[in-house]
There are 2 protein chains.
Amino acid sequence: MAESMKGLKRTHRCAELSSVNTGEKVTVMGWVQKNRNKGGIVFVDLRDRSGILQIVFEGEDKAELIEKAAKLRSEFVIAVVGNVEARSGAVNENLATGEIEIRAEELRILSESETPPFPIEENSKTKEELRLKYRYLDLRRPDLQRNLMMRSKVATLTRQFLSEEGFLEIETPVLGKSTPEGARDYLVPSRIHPGSFYGLPQSPQLFKQLLMCSGYDRYFQIAKCFRDEDLRADRQPEFTQIDMELSFVDVDDVIDVNERLLAKLFKEVLDVEVTLPIPRMTWQEAMDRYGSDKPDTRFGMELTDVTDTVKDCEFVVFKGAIENGGTVRGINAKGQGGMPRKKIDKLVDFAKDFGAKGLAYIALQTDGTVKSSFAKFMTEGQMQNLIQAMAGEPGDLLLFAADKNKVVWDVLGNLRLEIAKQMEILNKDEYKFVWVTEFPLLEWSDEQNRFMAMHHPFTMPMEEDLKYIDDDPGRVRAKAYDIVLNGNEIGGGSVRIFQNDIQEKMFEVLGFTKEQAYEQFGFLLDAFKYGVPPHAGLAYGLDRMVMLMAKEDSIRDVMAFPKVKDASCLMTEAPSEVDDKQLEELGLEKCSAE
Amino acid sequence: MAESMKGLKRTHRCAELSSVNTGEKVTVMGWVQKNRNKGGIVFVDLRDRSGILQIVFEGEDKAELIEKAAKLRSEFVIAVVGNVEARSGAVNENLATGEIEIRAEELRILSESETPPFPIEENSKTKEELRLKYRYLDLRRPDLQRNLMMRSKVATLTRQFLSEEGFLEIETPVLGKSTPEGARDYLVPSRIHPGSFYGLPQSPQLFKQLLMCSGYDRYFQIAKCFRDEDLRADRQPEFTQIDMELSFVDVDDVIDVNERLLAKLFKEVLDVEVTLPIPRMTWQEAMDRYGSDKPDTRFGMELTDVTDTVKDCEFVVFKGAIENGGTVRGINAKGQGGMPRKKIDKLVDFAKDFGAKGLAYIALQTDGTVKSSFAKFMTEGQMQNLIQAMAGEPGDLLLFAADKNKVVWDVLGNLRLEIAKQMEILNKDEYKFVWVTEFPLLEWSDEQNRFMAMHHPFTMPMEEDLKYIDDDPGRVRAKAYDIVLNGNEIGGGSVRIFQNDIQEKMFEVLGFTKEQAYEQFGFLLDAFKYGVPPHAGLAYGLDRMVMLMAKEDSIRDVMAFPKVKDASCLMTEAPSEVDDKQLEELGLEKCSAE
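Residues numbered from 1 in each chain as written. Chains lettered and ligands numbered in written order. Predicted model: local features only at pLDDT ≥ 70, side-chain atom pairs only at ≥ 80, totals over all residues. Heavy atoms only, no water.

Caption draft 1: Representation of the interface of chain B and chain A in the model. With 124 residues of chain B at the interface, the matching set in chain A holds 123 residues. Across the chain B to chain A interface the summed buried area is about 11000 Å²; carbon plus sulfur atoms make up 57%. Broken down residue by residue, the surface that chain B buries against chain A is led by Glu171(B), Phe248(B) and Tyr530(B), which jointly contribute 8%. The tally of links between chain B and chain A comes to 63 residue pairs in polar contact (both at pLDDT 80 or more). It is helix α4 (residues 142–164) of chain B that provides the largest number of residues to the side of chain B that touches chain A, a total of nine residues. (Contact = heavy atoms within 4.5 Å. Buried area = accessible area lost by both parts, 1.4 Å probe. Polar contact = N/O pair within 3.5 Å; in protein donor to acceptor, adjacent residues only side chain to side chain. Helix = DSSP H or I, 4+ residues; strand = E, 2+ residues; numbered from the N terminus.)

Caption draft 2: View of the pairing of strand β21 (residues 488–495) of chain A. All names here are of chain A. Counting buried residues in β21 gives six out of eight residues, a clear majority hidden from the surface. The pairing of strand β20 (residues 480–485) with β21 spans six bridges and is classified as antiparallel. The partner of Asp482 across the bridge, within β21, is Gly492. Joining the antiparallel neighbours β20 and β21 is a turn of two residues, in which Asn486 adopts a positive phi near 50°. Sheet topology note: the β21/strand β22 (residues 535–541) ladder contains five bridges and is antiparallel. Residue pairing across strands places Val495 opposite Ala536, the latter belonging to β22. (Buried < 20%, exposed > 50% of the residue type's maximum accessible area, 1.4 Å probe, protein only. Pairing = 2+ DSSP bridges.)

Caption draft 3: A look at the sheet that holds strand β14 (residues 360–364) of chain A. Taken in spatial order, the five strands line up as β12-β13-β16-β14-β15 (chain A) in an open sheet, and their pairing is antiparallel. In this open sheet, the two edge strands, each paired with only one partner strand, are β12 (304–305) and β15 (370–372) of chain A.

Caption draft 4: Looking closely at the packing of aromatic side chains. Tallied over the entire structure, the rule returns 44 aromatic pairs over all chains. Arranged with centres 5.2 Å apart and planes meeting at 10°, the rings of Phe315(A) and Phe377(A) form a pair that is stacked. A residue pair is termed long-range when its members are at least 10 positions apart, and Phe315(A) in the loop between α8 (307–310) and α9 (316–323) and Phe377(A) in the loop between β15 and α11 (380–389) qualify at 62 residues. Its relative accessible area of 37% is what places Phe377(A) among the partly exposed residues. A cation sits over an aromatic face here: Lys38(A) above Phe43(A), 5.6 Å from the ring centre. One cation-aromatic arrangement involves Arg475(B) over Tyr468(B); the distance from NZ or CZ to the ring centre is 4.0 Å. (Phe/Tyr/Trp six-rings, centres within 6.5 Å; stacked < 30°, edge-to-face > 60°. Lys NZ or Arg CZ within 6 Å of the ring centre and 35° of its normal.)

Caption draft 5: Layout of the packing of helix α13 (residues 500–509) of chain B against helix α14 (residues 514–527) of chain B. Residue and element names in this part refer to chain B. It is the contact of α13 with α14, at a shortest axis distance of 11 Å, that shows an interaxial angle of 140°. As α13 runs across α14, the sense of the crossing is right-handed. Residue-level contacts link Asn500, Gln503, Glu504 and Phe507 of α13 to Lys514, Ala517, Tyr518, Phe521 and Leu525 of α14. Taken together, the residues of the contact of α13 with α14 break down into five nonpolar, two polar and two charged. (Axes fitted to C-alpha atoms, helices over the stretch in contact; angles between N-to-C directions. Left-handed = near helix turned anticlockwise from the far one by under 90°. Nonpolar A, V, L, I, M, F, W, Y, C, P; charged D, E, K, R; others polar.)

Caption draft 6: Representation of the environment of Glu584(B). All names here are of chain B. Secondary-structure assignment places Glu584 in helix α16 (residues 580–585). For Glu584, a relative accessible area of 57% corresponds to the exposed category. For the pair Glu584 and Pro237, spaced 347 residues apart in sequence, the C-alpha to C-alpha distance is 26 Å.

Caption draft 7: Broad picture of the environment of Glu577(A). One can find Glu577(A) in the loop between α15 (542–549) and α16 (580–585). Judged by its relative accessible area of 57%, Glu577(A) falls in the exposed class. Glu577(A) has contacts with Lys590(A), Gly195(B) and Ser196(B), leaving out every residue within four places of it along the chain. A distance of 3.3 Å separates the side chain of Glu577(A) from the side chain of Lys590(A), its partner in a polar contact.

Caption draft 8: Representation of the side chain of Arg108(B). Assignment of secondary structure puts Arg108(B) in strand β5 (residues 100–111). Within polar-contact distance, the side chain of Arg108(B) engages the backbone oxygen of Ser4(B) at 2.8 Å.

Caption draft 9: A look at the relation of the copies chain B and chain A. Laying chain B over chain A is done by rotating through 180° and shifting 0.0 Å along the axis; what remains is an RMSD of 0.1 Å. Viewed as a symmetry operation, the transformation between the two copies matches a two-fold axis. When the interface residues of chain B are mapped onto chain A, 99% of them are again interface residues, pointing to one common binding face. (Least-squares fit on C-alpha atoms with pLDDT ≥ 70 in both.)

Caption draft 10: Looking closely at the UniProt feature "binding site: L-aspartate" (unreviewed entry) in chain A. All names here are of chain A. In this numbering, the UniProt entry assigns the feature "binding site: L-aspartate" (unreviewed entry) to Glu181, Arg227, His455 and Arg496. Tracing the sequence through the fold places His455 in the loop between β19 (450–453) and β20. Beyond its immediate stretch of four places on either side in the chain, His455 contacts Phe439, Ala480, Tyr481, Asp482 and Gly493. Of the polar contacts made by the side chain of His455, one reaches the side chain of Asp482; its length is 3.2 Å. (UniProt positions renumbered as here; feature names shortened; annotations may be inferred.)

Caption draft 11: The arrangement of the UniProt feature "site: Important for tRNA non-discrimination" (unreviewed entry) in chain A in detail. Residues and elements named next belong to chain A. Taken from the UniProt record, the annotation "site: Important for tRNA non-discrimination" (unreviewed entry) applies to Gly89. Note that Gly89 resides in the loop between β4 (77–86) and β5 (100–111). A residue is classified by how much of its surface remains accessible, and Gly89, at 46% relative accessible area, is partly exposed.

Here's what the structure looks like:
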């Protein structure tokens, strides 16, 4: 039965004690990690969020106390009053408190525990489903505790920095207006207006722009955002953004304040120095060099355009691609020339997953011989030129894709990452940032047969490209920027359109009628009639940023109560059925069709 | 047409400049507040969130510049480059920048403005509906800007304080499980699980208790909460809580940390000293003295129980109430004895709105005579005793209610506030805090014919009262506490049940079957099997707290984008209709019945 803590007051968390406290009488409380009985002396490892502390129950006059301690089991919650002493046994160098122990004088069992369904320990091998069902136990594990403490620290430091920089934290509505543009909204039926719905925000985009119209100058919010998507590995129905917007600024101002924010976070949380300024790369350069708009710059293996070098060869794959307006590009996997044929075949399959029709290769053997899938279509001189263009040396593996640029980039960009993984050259302790700038304003959607906004419809075109917007909209670059860390986009933003005429033109290019634009964004277009400052902003995916900082592979490991792939919570069993009466109040019923 | 700010960089916000900057060349940007042309010299008041700055356009060589400035209209957004000079005209003592002006050398019009639908000014007389429709303009008004800046400051200081006190900020889900207990949830239909729903949280109560089970020790969150209620004047469908929970603590620990938080907030935001410790009062004392569990202690006019004094009189209203187990209590409205009969009649009507059958009064005239609604039923001696019991003096108005305690408290508690309002003795600059403690655990609901939890079902009964829980549950007091400011409950909380057996007993008393309790709260009851620390917490209504600090009458004035009484947003027109296709994806259709 549970004892009361009446009359006791905790004096320290477990790992707040050290040899400095030797001789002090202390009261500690926490969970029993383990319990050993060595010849009538009971040793208990007591755990709280700070760490582990050893308690000793020993003494001729303490038989009753020792007996009580001997019966403790894992995960019991106890309070102990005792004295801090130097360890009688060997010092434990793995513990912060390894030099001391508490000699117990009083023990209270505040709460008992059944045997947990899995052990509470670092690097659990327990299946994730079981861990998520008992998330309240999973969250006791020291690695998850470190992650959530890191997340809290990142949020705290971010708020502190942005406040000092003159940003105001302003809350925007969660019950908002549903807009069909972009991903699917979560809807909330209105009871007072049956048949009408709120939409949960995919981001506070419109509200933060309105706050700039209203003169708040610098806004930020650590905001929950929602997307009803089919979940991929690393997506959650609700996620958190560090969202900000600034008035009277251009690209450089946004980049400046964010570089200082990132440098502060990485220094104070990880003791990592971020060298400023962070390198910048246009979207075009990122695609040409890395085949990706989120390049992992921790390693080279850059793309080389060999279109000119091979343009006269007879290899139909190269020739055909070039004739169709495409290019031929390659990467040089240094030292991989000896890769077995089977492994190369797997790379070919991998390339096909990204749309390649095939993958041409030249394996340069260390003995000077050459294995190649297409040598027979080339002259000796053409081969030598190609190898030279790729800076190929004995022992290298050269891989080529030939297709439209989009496919070539995608194939080689992903292949580059895959090979780096196989070569185990990706170092999680290394943090390489890069800004990617000058994104295309629009991208063509074959599916929708129209241009779509690459970032969102409020992104400012580059002034020098505005002239193309009617006749060649695909050529217009945007004042948009992403911040990329180790091949992950951790944030992105843009300078916004603040002129009503350009905003209306943008909607026109996106295929909105004036009526449609007004129906959805009328309040923004109206706001733009009354004096709007130039403004720009940026938003980080907090979950992913903390995931990278914590060196985890899933954002579920940096969220307290994540959902699984079907968007359900294994612990609470949400979503769940509700009474028909509740639906009726909302003016809804379940489809009878099913 | 909009000019670009290219090549310009703002050097200061408007009110960051003062005579210290005299002689400096500066670049400022903002909105035109007003524009006067005095004999060829143009004066522009430029506004940003910091305040107002005067710009002067003058000079023989500046004809073109002056002409451009003369055409500026209210709410145009402009950038000005110029020199800081001492004012040539009279110093404006109402402005922080009243000693200086900017002599303009360059003017750019960044954005033009149509004439706004209402003037952008302090203390707007514009109808709230119009202001909310154009909220982006309303939010430009200096009073709303001060409020939102104050709110941001309160949030920042709160986070800073709680972080320093060892609290971790941990985010809990917005897409949660719907529970029928308590107010009505907002529901979110699941697309992946048609016919199932998430519930938006009314508070993070269960999650924060689980975080204590998981050993996070001290948690806080500034969290959005949701209630689908019929809106009263001061309610919003979404509102914000400062939410916290602590492990290994009892009532005093929670009160201690929160008193220090409140003292810090009121000192740093308002320069108000909160004397600690804040007085405490049991619920019983609050009801007996103030007729309210959220007493406004800025003034007296306390309730006096005169049941004993009048128990032998022949006045049937008093007699009947006492015979039915009720009481007779009164308040003394000092100096209101001369109140005209009509006004007293209005107070009687007011009392009836709160359930009184009537209101008995004694008006003591300054000439020594007595007017009373019930003197004829009393002996001279009984009247004298009653007046004496009420400490009545010539010029006082004594008001009496006789009924069951609940009605008497409610009537006199509200009457007391109403009279104080009429007397204009409520000082908004005075901040009187009081803790109300030892609330009843349960209250009887005639409507549901069962006991309901007064706070929530997880509140710990007082140990000394546990013995009554089976036979006289209404007598059990709870370890619950509210923090009351000037008659408003700004926060409340409790020590939680952490023992499975007591929690199950509590559900039993509330009329849950074991199955119902497990269906809704099974994960909590399961969690309680694995070692739970004693824990307690508190949550503030941030909106209401900031409203009181800003001396506003509505929480709408301290929220950026509030909704109106029918839970709609006049600016975005949310909630709105959605495509039938979207409903179909959710497995729902509109009720055909209507």
